[in-house]
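Topology and contacts: notes
These are the residues of each chain, in order.
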Amino acid sequence: MQTQEFIKNTSQEFSDAVLAQMILDGDERAFELLVRRYHTPLFNFICRFLSDYDLACDVLQQVFLRFYTSLPKLATGEPFKSWLFQVARNCCVDELRRRHRYAIHFSQLEIENCDGEVSVLSDIPDPGPLPEELIERHDLQLHLHQAIESLPPKFRSVVILRYASQLSFSEIGKVLCMPEATAKTYFHRAKVLLRKILIAQAQTISM
């Protein structure tokens, strides 16, 4: 009971650096605080990446295990968010390579420009017909999944990190080991490719 009360009352009080030092000093409650801090965003990212709830649970445990064992070697001056997402992504990629499968589930797709402004797909200026106008609504989800899966891996990773975990482009750059400007460029190119793929699919269906 005291441990739960401690976690509840201090979950937002300590920085990652302070909690890391507490863990290194042998305070197991501090590690639980860090797990609670990052559990939900990491799980959402992993689950979207793998589209498998049970597998996502296993991978999340792997991520936190690596974090615990790597902590003595990590620099504790900065938040661990980027490092954790990078490890999570690597674990997901390893899992996909082993199982030779890939699936993503998005309830909807929002498109944003390189300045981070969000708009729905139908708001993107385009002289041609929109995908929603060509594909019946109940089929759009399936084609959207297929379109995202067909993106080049470097573009696909940026899209997943942006929408599954709401990472900033700066954070995406750290996770993928690329400049922030490159992350923005990849996202913009992914946006263009997704539109082309969806429209091509729609035109095929309408023929």
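Scroll up to find the structure.
Numbers given for residues are sequential positions, taken from 1 along each chain in its written order. Where local features are concerned, this predicted model is filtered to residues with pLDDT of at least 70; where side-chain atom pairs are given and counted, the filter is 80 or more; whole-chain, interface and lining totals use all residues. Heavy atoms throughout the structure, all of them, feed into the side-chain values; hydrogens and water do not.

1. So, the overall build of the chain
Counting its regular elements, the chain contains 10 helices and 2 strands. Seen in sequence order, the chain has helices and strands lined up from the N terminus as α-α-α-α-α-β-β-α-α-α-α-α. Within the chain, the proportion of its 207 residues that are buried is 43%. Of the contacts made within the chain by residues no fewer than 6 positions apart, 67% connect residues no fewer than 24 positions apart. To qualify as a helix, a DSSP run of H or I must reach at least 4 residues; to qualify as a strand, a run of E must reach at least 2; elements of each kind are numbered from the N terminus. Relative accessibility decides the category of a residue: with a 1.4 Å probe and only protein chains considered, values under 20% of the type maximum give buried, values over 50% give exposed, and everything between is partly exposed. Any two residues whose heavy atoms approach within 4.5 Å are treated as being in contact.

2. Side note on unusual backbone geometry
Of note, the phi angle at Cys177 is positive, near 60°, even though the residue is not glycine. Along the polypeptide, Cys177 turns up in the loop between α9 (169-176) and α10 (180-206). Accessibility expressed as a relative area gives 61% for Cys177, which makes it exposed.

3. Comments concerning the side chain of Ser82
The residue Ser82 is located in helix α5 (residues 81-99) in this model. Discounting residues that sit within four places of it in the chain, Ser82 has contacts with Glu171, Lys174 and Val175.

4. Here we look at the nonpolar core
We define the nonpolar core as a collection of buried residues of types Ala, Val, Leu, Ile, Met, Phe, Trp, Tyr and Cys that are connected through side-chain atoms lying within 4.5 Å of one another. Counting 56 residues, the largest nonpolar core has Leu42, Ile46 and Val63 as its most contacted members. When residues of this core are traced back to their parent elements, those giving at least two are α2 (16-24), α3 (28-50), α4 (53-70), α5, α7 (137-149), α8 (153-164), α9 and α10. Counting residues per element, this core draws most heavily on α3, at 12 residues. Domain assignment of the residues forming this core places at least three in each of domain 1 (9-105) and domain 2 (134-206). If near-sequence neighbours (up to four positions away) are discounted, Leu42 is found in contact with Leu60, Val63, Phe64, Leu84, Phe85 and Ala88. Here the bounds of each domain stem from an automatic or database domain assignment.

5. What about the packing of α2 against α3?
Every axis in this analysis is a line fitted to C-alpha atoms, fitted for helices over the stretch in contact. Angles between the N-to-C directions lie between 0 and 180 degrees. In contact at an axis separation of 8 Å, α2 and α3 are set at 140° when each is read in the N-to-C sense. Packed against α2, whose contacting residues are Asp16, Leu19, Ala20, Met22 and Ile23, the element α3 presents Ala30, Phe31, Leu33, Leu34, Arg37 and Tyr38 at the interface.

6. Looking at the packing of α3 against α4
The contact between α3 and α4 brings their axes to 9 Å, and the two run at 140°. Judged by the angle between their axes, α3 and α4 are oblique. The chirality of how α3 crosses α4 is right-handed. Of the residues in α4, those in contact with Phe31, Leu34, Val35, Tyr38, His39, Leu42, Phe43, Ile46, Cys47 and Leu50 of α3 are Tyr53, Leu55, Ala56, Cys57, Val59, Leu60, Val63, Phe64, Phe67 and Tyr68. Each angle gets one of four labels, with under 35 degrees taken as roughly parallel, over 145 as roughly antiparallel, 65 to 115 as roughly perpendicular, and the rest as oblique. Left-handed describes a crossing whose near helix is turned anticlockwise from the far helix through less than a right angle; right-handed describes the clockwise counterpart.

7. A few points about the pattern of salt bridges
Definition used for salt bridges: Asp or Glu carboxyl oxygen within 4 Å of a side-chain nitrogen of Lys or Arg. A complete count under the given rule lists 5 salt bridges for this structure. Arg37 is the salt-bridge partner of Asp16, the closest N and O atoms lying 2.6 Å from each other. Taken together, the positions of Asp16 in helix α2 and Arg37 in helix α3 put the pair 21 residues apart, joining distant regions of the chain. Assessed through its relative accessible area of 22%, Arg37 is described here as partly exposed. With a closest N to O distance of 3.7 Å, Arg36 and Glu32 form a salt bridge. Pair noted here: Arg36 and Glu32 are both in helix α3, with a separation of 4 residues, about one helical turn. Classification of Arg36 by relative accessible area gives exposed; the value is 52%. The class of Glu32 is partly exposed, set by a relative accessible area of 33%.

Keep in mind that these numbers describe shape and distance, not what the molecule does.
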